[in-house]
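# Tertiary structure, described
Each chain is listed here by its residues.
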Amino acid sequence: MVRGRDACWEHCVLVDATRQKVRCNYCRREFSGGVYRMKFHLAQIKNKDIVPCAEVPDDVRDHIQSVLSTPKKQKTPKKPKMDKTVANGQQNSSSGSGGLHPNQGSSGQHGSTCPSLLFPRPSPSEQPAVDDASKQKQDDADKKIAIFFFHNSIPFGAAKSICYQEMVDAIAECSVGYKAPSYEKLRCNLLEKVKGDILDCYKKYREDWKESGCTVFCNSWSDGRTRSFIIFSVTYPKGTLFLKSVDVSGHEDDASYLFELLESVVLEVGLENVIQVITDSTASYVCAGRHLMAKYSSLFWSPCASYCIDKMLEDISKQDWVGIVLEEAKRIARYIYSDAWILNMMRKFTGGRELMRPRITRSVENYLTLRSIVIQEDNLKHVFSHSEWISSIYSRRSDAQAIKSLVYLERFWKSAREAVSVTESLVKIVRIVDGDMPAMGYIYEGIERAKGAIKAYYKGIEEKYMPIWDIIDRRWNMQLHSPLHAAAAFLNPSIFYNPNFKIDLRMRNGFQEAMLKMATTEKDKIEITKEHPVYINAQGALGTDFAIMGRTLNAPGDWWASYGYEVPTLQRVAIRILSQPCSFHWCRWNWSTFETIHTKKRNKPELEKLNDLVFVHCNLWLQTICESRDGKCKPVIFDEIDVSLEWPTELEPSVPLLDDSWLDNLPFECIEGP
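Residues numbered from 1 in each chain as written. Predicted model: local features only at pLDDT ≥ 70, side-chain atom pairs only at ≥ 80, totals over all residues. Heavy atoms only, no water.

### Quick look at unusual backbone geometry
One non-glycine residue, Ser-153, lies in the positive phi region at around 55°. Mapped onto the elements of the fold, Ser-153 is located in the loop between helix H5 (130–151) and helix H6 (162–173). Even without a glycine there, the phi angle at Lys-459 is positive, about 55°. Structurally, Lys-459 can be placed in the loop between helix H18 (443–457) and helix H19 (462–480). (Helix = DSSP H or I, 4+ residues; strand = E, 2+ residues; numbered from the N terminus.)

Here you go:
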């Protein structure tokens, strides 16, 4: 069989034989088309809609690249053996004219040189055979790149950047003798050119916003003392654009000041383009958001859904029994991770599965840790009963004995299983809204499902499920719920046409309220009134066999784009609503970068250049995240969400810290500008 011969199967698994769908073992991304397309993914080669794997080990990537580059073997006639002396003569001749090039050294521009004596060039008499010479060149190039990383303290994570291989490929396309850009060219001319490219992208985005609409993110940060900053960005399904950062120190509690700031950004992006503004849920931002909606009737303001649901989980953890079991789970995890030998012992039994998920918000991390411990219950018990553990020095220590007693305590496991069952649906909602998809059409259903699952777990006993319901309702009703969420659920065909989901009065009223805001002209209101029954009754194109299948197979926005052409006004409104996110938590900004901008005193030219670099730096990071995804909106099937898989916030690194030392001694041409 082909599967038995192809080495690529060691790095992926077959998920669906009918559709030839395979899953990458490293990033867990799935592709249709069999193992051939997976090879391009693992080799980090862009091919049509194949996204390069960001997690594949270098040796695997290099091996798959060599497999792809090796032509199929063809039968060739045997060549007569050449005389060794003749062959050696040809080799020496060729290596003398086109062998390894001498080391050019560093440019010597504003930096220390890197000694080439560490890796001396072999003499012509020592040149290897032709194939070996090519490999020697590759090895030498690898070493030079490694030296550049080591010499300049570049984080090894930079090698995972999509830009890294693109840079190397671009250099390889140049002829011999290519000179790398100088220090001055990088911080002046090239910075301006890249900024110009990003602004050109901004113009293209604005055209897309006319159809899909967009959401303005307003992320805020404070050091808890005197410094407070806001980062403004704008997002839609095809990407996110960083706009600017603002120092709001001393004004973070001033709702009027924040309103004016929000208003200026909305008008800059275009009032006709912005569907909603997402901010923090502190009182000053809530007030500013409501003031914004009052002045501009077509706008929606929402708090970050991920933050609000995280707060629900935090409130649940304040229940005495939940707080106790979460603390006990943390004790187990902390003990295991406190020592490398114990951690490796645990990994032997769990098959390499981890207990802790440090790159997710604290409340969610606590519940995921507890969930992992429950899943690994038997394996954890085996760790502490295994002969290797019993014979170790650790087993005789008092702290180890306390952890072992806890692992064998039935009360702990009973409470742990209950806490996981009660919170599982809420954690799923965080996963849905905190990731790589427009989730607006699913949050309303998610909350209803979560409450239903909790009630079912407690078998309808009110005194058990109502305390949890009260916590959810308090945050949902007073903080998070919006007519936009209700309208999105109403317009989501997988929910609206689902006979098992009850379309309640609140959802219907929310839809009506949202339509009044979205229909800005009297003509639009009349058209939506006419088209509404067509959707309700699934008439015309909305009721065809393909449309019925597409209700669950297509993302809601794609469904409307495909089948809503007979109700164009409602179609446009539905697409604009369903294309919006619910959370900005996935934007993991490195706040130290913005602190550098706003805390150090600089002259005007320096500040302008630093702002330009931050603009480029942040937008390239956002662009990399966008390119690492497959760019397609997928339908959410609630029951198939697996929270144990890596989340986008774990896979995508936060924006790296920016070095501002390059601003020292700006040359005159940079200060003056073009």
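### Observations regarding the nonpolar core
The tendency in soluble globular proteins is for nonpolar side chains to be buried as a group. Core analysis: the biggest nonpolar cluster contains 103 residues, and Leu-491, Tyr-535, Trp-560 and Ile-577 have the highest contact counts within it. Broken down by element, this core gets its largest block of residues, 12 residues, from helix H17 (residues 410–433). Discounting residues that sit within four places of it in the chain, Tyr-535 has contacts with Phe-490, Leu-491, Asn-492, Pro-493, Phe-496, Tyr-497, Leu-542, Trp-559, Trp-560 and Leu-570. In terms of nonpolar packing, the next biggest core, distinct from the first, is built from 43 residues, Val-216, Cys-218, Leu-261 and Leu-292 among them. (Core = buried A, V, L, I, M, F, W, Y, C linked by side-chain atoms within 4.5 Å. Buried < 20%, exposed > 50% of the residue type's maximum accessible area, 1.4 Å probe, protein only. Contact = heavy atoms within 4.5 Å.)

### Here's the deal with the sheet that holds strand S3 (residues 30–32)
Pairing within the open sheet is antiparallel, and its 3 strands lie in the order S1-S2-S3. Two strands in the sheet have a free side with no partner beyond their single neighbour: strand S1 (12–16) and S3. Along the sheet, successive strands turn relative to each other by an average axial angle of 30°, direction set aside. Relative to S3, strand S2 (residues 21–24) runs antiparallel, the two being bridged by 3 bridges. Across the sheet, Arg-23 pairs through a bridge with Glu-30, a residue of S3. (Pairing = 2+ DSSP bridges. Axes fitted to C-alpha atoms, helices over the stretch in contact; angles between N-to-C directions.)

### Thoughts on helix H8 (residues 255–269)
Taking 1.5 Å as the rise per residue, H8 with 15 residues should run 21 Å; its terminal C-alpha atoms sit 21 Å apart, in good agreement. The complete set of buried residues in H8 reads Ala-255, Leu-258, Phe-259, Leu-261, Leu-262, Glu-263, Val-265, Val-266 and Val-269. Structurally, H8 contributes buried residues whose contacts are with helix H7 (183–212), strand S4 (214–222), strand S5 (228–236), strand S6 (239–247), strand S7 (274–279) and helix H9 (283–295). For H8, the capping residue at the N-terminal end is Asp-254, with a side-chain oxygen 3.1 Å from the backbone nitrogen of Ser-256. (Expected span 1.5 Å × (residues − 1). Polar contact = N/O pair within 3.5 Å; in protein donor to acceptor, adjacent residues only side chain to side chain.)

### Remarks on the sheet that holds S7
If you walk across this open sheet you meet the 5 strands as S6-S5-S4-S7-S8, and the pairing is mixed. Both outer strands of the open sheet, S6 and strand S8 (300–303), are each paired with one neighbouring strand and no more. On average, each strand axis in the sheet is tilted by 20° relative to the strand beside it, whichever way the strands run. Direction of pairing for S5 relative to S6: antiparallel, over a ladder of 8 bridges. Its bridge partner being in S6, Phe-229 is matched across the sheet by Asp-247. Those strands touched by H8 are S4, S5, S6 and S7, and its axis lies near 145° from that of S6.

### A few points about the environment of Val-266
Within the secondary structure, Val-266 sits in helix H8. When the C-alpha positions of Val-266 and Val-216 are compared, they lie 7.3 Å apart, and in sequence the two are 50 residues distant. Sequence-distant contacts of Val-266, defined by excluding residues within four places in its chain, comprise Leu-271, Val-274, Val-277, Leu-292 and Leu-299.

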